[in-house]
Amino acid sequence: MSNYKLLRKDFTTEIERCHFCRRRLISQKVYVVKNIDTGEVFSSGRYCTERNVNADLRSIPDFTKYIIETLEDEEGENQNQENQERNIHNQNVHRNDDKKKAIEYIELRENKLIEEFEGVSYRYLKDYYLTFIEKGDLTDEEVRHILNIENAAPDILKLDNLHRCYSYSFWIKKAIREGYSVDFLGSILRYLYKNFKITLKQKESVNNIFTRIGNFRYLD
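Remember, predicted model here, so these are calculated numbers, not experimental data.

The rules we used
Residues numbered from 1 in each chain as written. Predicted model: local features only at pLDDT ≥ 70, side-chain atom pairs only at ≥ 80, totals over all residues. Heavy atoms only, no water. Pairing = 2+ DSSP bridges. Helix = DSSP H or I, 4+ residues; strand = E, 2+ residues; numbered from the N terminus. Axes fitted to C-alpha atoms, helices over the stretch in contact; angles between N-to-C directions. Buried < 20%, exposed > 50% of the residue type's maximum accessible area, 1.4 Å probe, protein only. Lys, Arg positive; Asp, Glu negative; His and termini not counted. Salt bridge = Lys/Arg side-chain N within 4 Å of Asp/Glu carboxyl O. Polar contact = N/O pair within 3.5 Å; in protein donor to acceptor, adjacent residues only side chain to side chain. Contact = heavy atoms within 4.5 Å. Left-handed = near helix turned anticlockwise from the far one by under 90°. Phe/Tyr/Trp six-rings, centres within 6.5 Å; stacked < 30°, edge-to-face > 60°.

Enquirer: Can you help me understand the sheet that holds strand S2 (residues 29-35) in this one?
Expert: Note: strands within a sheet are paired through backbone hydrogen bonds, in either parallel or antiparallel orientation. Here we have three strands laid out as an open sheet, ordered S1-S2-S3, and antiparallel in their pairing. Of all the strands in the sheet, just strand S1 (4-11) and strand S3 (41-44) have a single pairing partner and so form its edges. Taking each pair of neighbouring strands and ignoring which way they run, the sheet shows an average axis angle of 30 degrees. As judged from the seven bridges shared by S1 and S2, these two strands associate in the antiparallel manner. Within S2, the residue paired with Lys9 across the bridge is Tyr31.

Right, here's the structure in full:
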């Protein structure tokens, strides 16, 4: 049996197929898995990941937050079920939750948001991110320092808000690539990149556009 490592849960730009069962992952939320033996990195659905990878799916970095499901995903799992499981997990906090949070924070600030959001990078976090990329792990001391930085950060640079920025940016950019309301959504993106948020009226307008697009989620 191959030796797999579960890396993260993330959005995927295109609708991919599960590496294990070849089903289309229409939710565009995938589990990113690495074959330790070959180095291959691929996407998997939830149930196939549970069957084939020896890992707690709730303990890995998750970058698929702040969207509202509008249909069941490719394996019949709906958002309510996922939220219930997450709530149960949140009641059983353990040390790995801190590491998960720290990894999400350095990934967002030093990788996923760095090209568009001015001022999101921070030199100490960059050093930790490079260390994480090299070693694939963080020490307890590194985790504590990263979380202390997050705790002292202004609201726009808190982890929850960065997750929101990432999700909003991902789906708005996808709609633009597919040719929907390009000028308007482009102006929303520029506002988001400058302010690390959008207004309630802007979000409602974006969601009205998203209702016309198949396999799209709403911004939460």
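Let's pick the thread back up.
Enquirer: Any chance you could explain unusual backbone geometry here in plain terms?
Expert: In most cases, non-glycine residues show a negative phi, while peptide bonds are predominantly trans. Its identity is not glycine, yet Arg22 carries a phi of approximately 70 degrees, on the positive side. Assignment of secondary structure puts Arg22 in the loop between S1 and S2. Take Arg22: its relative accessible area is 47%, and that puts it in the partly exposed class. In this model, Gln28 sits at a positive phi of 60 degrees, which is unusual for a non-glycine residue. Of note, Gln28 is situated in the loop between S1 and S2.

Enquirer: Is there a simple way to explain the side chain of Glu142 in this structure?
Expert: On the secondary structure map, Glu142 appears in helix H5 (residues 140-152). Of the side chains bearing the opposite charge, Lys135 lies closest to the buried Glu142, which forms no salt bridge; the N-O distance is 5.4 Å. Within the structure, the side chain of Glu142 is placed 2.8 Å from the backbone nitrogen of Thr139, a separation counted as a polar contact.

Enquirer: Before we go on, may I ask you to explain the side chain of Lys100 in this structure?
Expert: The topology assignment puts Lys100 in helix H3 (residues 95-112). Buried within the structure, Lys100 lacks any salt-bridge partner; its nearest side chain of opposite charge belongs to Glu104, at an N-O separation of 4.5 Å. Setting aside residues up to four positions removed in sequence, Lys100 forms contacts with Arg58, Ser59, Ile60, Pro61 and Asp62.

Enquirer: I would appreciate a short explanation of the environment of Glu110 in the present structure.
Expert: Relative to the helices and strands, Glu110 resides in helix H3. Taking the relative accessible area as the measure of exposure, Glu110 reaches 7% and is therefore buried. Spatially, the C-alpha atom of Glu110 lies 9.1 Å from that of Arg123, the residues being 13 residues apart in sequence. Those residues in contact with Glu110 that lie beyond four places of it in its chain are Val120, Ser121, Tyr122, Leu125, Lys126 and Tyr129. Here Tyr122 takes part through its backbone nitrogen, which lies 2.8 Å from a polar atom of the side chain of Glu110.

Enquirer: Looking at this structure, how should I read the packing of helix H4 (residues 123-135) against H5?
Expert: Describing two packed helices takes the angle between their axes plus the distance from one axis to the other. Where H4 meets H5, the axes come as close as 11 Å, and the angle between the chain directions of the two elements is 145 degrees. For the crossing formed where H4 meets H5, the hand is left-handed. Note on element contacts: H5 touches H4 through Glu142, His145, Ile146 and Ile149, opposite Tyr124, Leu125, Tyr128 and Thr131.

Enquirer: I tried to follow the packing of aromatic side chains on my own but got confused; where do I start?
Expert: Where two aromatic rings form a pair, the distance of their centres and the angle of their planes describe that pair. All told, the structure shown has 13 aromatic pairs when counted by the stated rule. Plain terms: the ring middles of Phe11 and Phe170 are 4.8 Å apart, the flat faces sit at 20 degrees to each other, and that makes the pair stacked. Of this pair, Phe11 sits in strand S1 while Phe170 sits in helix H6 (residues 159-177); the two residues are 159 residues apart in sequence, bridging distant segments of the chain. With a relative accessible area of 7%, Phe11 lands in the buried category. Given the relative accessible area of 10%, Phe170 is considered buried. Judged by centre distance (5.1 Å) and plane angle (50 degrees), the rings of Phe117 and Phe196 are tilted.

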